[in-house]
Structure formats: structure tokens, C-alpha cells
Amino acid sequence: MRATFYLPGEDDLDRLRRIDPDRDWLEFARGHRAWILQTYLRLAAAGHDVDLADEPPRDGMLVFHANQVESLLRYWWRWGDCLMIAVRADHSESHLADFELVQNRVWVDGSRRFFVPFWPQPGLVPRDPARGARIERVAFKGFIKSLHPAFASQAMSDELRRRGIELMIDAVDYRGAETDGSRLRWADYRDVDLVLAVRPPIGTYTDKPASKLYNAWRAGVPALLGPEPAFRELYTDPLDYVEVSTVDEVLAAIDRLRAEPDLYLRMIDRGRQRAVEFSPEAVLERWVDVLWRRIPALARERPWHSFPPWIRPALRRAERLIEGRPSR
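Conventions and cut-offs
Residues numbered from 1 in each chain as written. Predicted model: local features only at pLDDT ≥ 70, side-chain atom pairs only at ≥ 80, totals over all residues. Heavy atoms only, no water. Core = buried A, V, L, I, M, F, W, Y, C linked by side-chain atoms within 4.5 Å. Buried < 20%, exposed > 50% of the residue type's maximum accessible area, 1.4 Å probe, protein only. Contact = heavy atoms within 4.5 Å. Phe/Tyr/Trp six-rings, centres within 6.5 Å; stacked < 30°, edge-to-face > 60°. Helix = DSSP H or I, 4+ residues; strand = E, 2+ residues; numbered from the N terminus. Salt bridge = Lys/Arg side-chain N within 4 Å of Asp/Glu carboxyl O.

S.K.: How should the nonpolar core be read in this particular structure?
M.R.: Nonpolar side chains tend to gather and get buried jointly when the protein is soluble and globular. Phe 5, Trp 287 and Leu 291 are the most contacted members of the largest nonpolar core, which totals 59 residues. Apart from the residues lying within four places of it in its own chain, the contact partners of Trp 287 are Phe 5, Trp 35, Thr 39, Leu 43, Val 63, Val 87, Leu 101, Val 116, Trp 119 and Trp 292. Phe 151, Leu 196, Val 198 and Ile 254 belong to the second largest nonpolar core, which has 25 residues in total.

See below:
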């Protein structure tokens, strides 16, 4: 069964079909491209039956990003017998979707929602091993709104500078990611000694991925991370990462790692072991398993799929209410 990846609003799909994910990683600064375009490219390169389109097909599987629902509704008459598969990403439940792909295990149910990791950073360049155990640069890589303001403050920078450490905020505003992304170094960890990622304390972040952790593992850089479900579900050993919530906790962790260089190096080795779980090849296999094994088998068992596609969202809402499931 062919999987069509839905990417509306683009000027040149033919050009996008030819890009190299690891060379042209800046093409994926925004979430819908990182999920939809990058997945299409990697599956196509591996020889799977996929297409990239700006209109939905009449059959097969349609994979779309949750923020594309409004666009899809314009083509309701084309859905036909499509299996509608939504990448939820940072959004709420999509009642338009027959199945959903989520980026951590919080909402997984094994029947309609499946965990597929966010792709690791394409084109990643790991830390220079010649840096050894020295800690001279702490980096945040992401969107500005995703960093707790206390960790971007002058007080934080001053405390690090007192220790001879530079704070590198490798970030851009989300709205400017496509126009101001040329200065980003998200793929470059060569001179990074610690990864820092602590979000503002405004929610539980049950919809976020653990990509900052497994990017750090793949880069050979120990990570200082906030208390998020996606990180915690991957935590199996104290060497996986250090959980922090405050500036004082970050500084204490840095002081300990500097005082115990062997601990720092063991965290790097542990990260290399864990990184294989989130290599592009491992994530690709997750996609293949979900799209061509699990979903087709389950679709045959779901009675609502025999109904016209424009009725299914109402049936799914009713099913959720009957089962008492949360809307997320």
C-alpha cells in the first residue's frame, strides 16, 4: 500500500524530492517539514512505496502533520478510501485521523496511537574527541521560546564565565526559522561540551519529543535536561543524563563533572551505547513497522473504517467519550 506524504503550500515539490536530508538539514527547521518531508525522503531513498503530494490521494495511506488539518478539509471529497495517519507532533488529538503517530509514549495505546521518535538531527557532526573531558562550552540548541529565561540570563552567563565556560545559545525564534536559520549550528557539536535544555515551567510537556537527549547521545556530549516525560521514559541509568530544574542545579552538575572527569567520559561512552536506539536507520525501521505492518493489520479490524471518511471524526469523538479517554 502506497504512503502519500502531504505537503501543501510549497512552491516546488520536485526540488524538495531531490534534496539530501543530511546535507540540506536547514530545510527541516520547521516541524511539518522535519516530519513529513524528511520522512518521505528517507523512506524513498530506502526504496519504499511513497509519494510526496500537495493533494490527498483517493486510496492508500495519507500521512499528514496535525497542523495541516485545515488544508486537508478543503479536499474532503478526495479522501475516499484513504487511511488517514496524523503526525500529532506538538498538537492535540486529531479526530480527522484514523491513526496517530506521537513523539513519546505518554499517549500511546497500541491500537490507534503509536510512538515513532522524532528524527535525530540530520547532518549531525559529533563532538571532537580531542576535547577530552574539558568543559568550556555549554550549548542550547533549539527555538528561543523553548529555553527557560533563567538559563538565558546575564546572571547565568556570568556564573559560567567565572568558571571559564561559554554559554552558546544556538537558537532562533520559531517564526523566523525559515528566514533567519542560516546562522544556526544545530547540526554542529564539534566544540560543544555540555548540552543544556530546560523549558519554561508553564506545563508538563507531555507532547514533546526526547530529541535533545538522543541528539546529545549521538553527538558524544553529556546532557543537562529539564524534568520532561519524554526524557524520563528513556532514563535507565544515572549516566544517561543529569536532570536539572534550576540554575543552581546546573552549576552544581557542571562543578561535579569538572571535578570528576572520569564521570564525564563515562557519560559519553553511555551515550554512544544508547545512540543506536535512535539512529536514522532505527527510526526508519519504526516507520516501516508502523506504516506497512501494524496499521494495515489494525485497519481491517476497525469497524469505523467502513463508514465514509467525513463521518469518522464524529465516530472517533463518540468513541473517546464512551471510553472516557482524555482529549490529548
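S.K.: Before we go on, may I ask you to explain the packing of aromatic side chains in this structure?
M.R.: Describing an aromatic ring pair means giving the distance of the ring centres and the angle of the ring planes. Taken as a whole, this structure holds 9 aromatic pairs when the rule is applied. Ring geometry for Trp 217 and Phe 278: centres 6.2 Å apart, planes at 40 degrees, overall tilted. Remark: Phe 278 occurs in the loop between helix 8 (261-275) and helix 9 (280-299) and Trp 217 occurs in helix 5 (residues 211-219); sequence separation between them is 61 residues. Taken together, Phe 5, Trp 35, Phe 118 and Trp 287 form an aromatic cluster joined through their ring pairs.

S.K.: Any chance you could explain the pattern of salt bridges here in plain terms?
M.R.: Two side chains bearing opposite charge may form a pair once their charged atoms approach each other closely. All chains considered together, the criterion is met by 39 salt bridges. One salt bridge connects Asp 240 with Arg 274, and the closest N-O pair in it is separated by 3.0 Å. With Asp 240 in the loop between helix 6 (229-232) and strand 11 (242-243) and Arg 274 in helix 8, the pair connects residues that are 34 residues apart, well separated along the chain. Accessibility classification places Asp 240 together with Arg 274 in one group, the buried group.

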